[in-house]
Amino acid sequence: MMRIGVIGLQGAVSEHIEAVRRALVASGQQGEAVWVARPEQLEGVDGIIIPGGESTTIGKLMKITEIFDAVKRLAESGVPLLGTCAGMVVLAKRGDEQVARTKQPLLGLMDIAVVRNAFGRQRESFEAELNIPILGEKPFPGVFIRAPVVKEVWGDAEVIAEFMGKIVGVKQRNMVAVAFHPELTTDTRLHEYFLRMCRGQF
Ligand code: GLN
């Protein structure tokens, strides 16, 4: 039975747990999503999700709880990882001046440089149809809330989604990071894609 750990320290945790449940049903699989507040709850998981919220807070709480090192170790050993919005920031190797100023910890797992709150005040929250070829032809509803963007990728990181000329989705080996909130829509395709990765298909 598939078990997905959702890092539950701050942010859109229950929404991701619910989205995993819907994706499991949609793909006819048995499994569960568990709320992770301590590192030992990550032992044996098939995949890990770092939700959106406030990346400064999530990073700091991950350090305090020692979930930070556990996630790093598991991701490096090949366990699939999905980071959304603030989760994307936490996964990055490089941040912007906001990241430097707050001294927020970054896992440094993905070869991406992120810019926090990149759409400015006028566009703090919006929804846009995204073309994400790995999810099929139908546009994906992208919910952006004070979203980051990726300003640079390197190594074997691949761009999977762009919006207005900006990179908003990246995949690298066992990891996927998106700037939007797939857990806030009824479209389960991104979570289903992640579950396929958790079954070893990537
Ligand atoms: N602006 C937040 C950050 O950089 C992310 C917002 C979100 O996750 N919805 O931490």
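Please read all numbers here as calculations on a predicted model, not as lab measurements. (Residues numbered from 1 in each chain as written. Predicted model: local features only at pLDDT ≥ 70, side-chain atom pairs only at ≥ 80, totals over all residues. Heavy atoms only, no water.)

### A look at the environment of Ile48
Now for step 1: Its location among the elements puts Ile48 in strand 3 (residues 47–50).
Now for step 2: Classification of Ile48 by relative accessible area gives buried; the value is 0%.
Now for step 3: On a C-alpha basis, the gap between Ile48 and Val170 in space is 16 Å, while along the polypeptide they are 122 residues apart. (Helix = DSSP H or I, 4+ residues; strand = E, 2+ residues; numbered from the N terminus. Buried < 20%, exposed > 50% of the residue type's maximum accessible area, 1.4 Å probe, protein only.)

### Overview of the packing of aromatic side chains
Now for step 1: Scanning the model with the defined rule gives 8 aromatic pairs in all.
Now for step 2: On the basis of an interplanar angle of 75 degrees and a centroid distance of 5.2 Å, the ring pair of Phe119 and Phe126 is categorised as edge-to-face.
Now for step 3: Ring plane angle 70 degrees and centroid distance 5.6 Å describe the contact between Phe119 and Phe144, whose orientation is recorded as edge-to-face. On the criterion of sequence distance, the pair formed by Phe119 in the loop between strand 6 (110–115) and strand 7 (125–130) and Phe144 in strand 8 (residues 140–145) is long-range, its members being 25 residues apart.
Now for step 4: Taking relative accessible area as the criterion, Phe144 reaches 1% and is therefore assigned buried.
Now for step 5: Members of the aromatic cluster, each reached through a chain of ring pairs, are Phe119, Phe126, Phe140, Phe144, Phe163 and Phe180.
Now for step 6: Over the ring of Phe68 we find Lys63; its NZ or CZ atom is 4.3 Å from the centre of that ring. (Phe/Tyr/Trp six-rings, centres within 6.5 Å; stacked < 30°, edge-to-face > 60°. Lys NZ or Arg CZ within 6 Å of the ring centre and 35° of its normal.)

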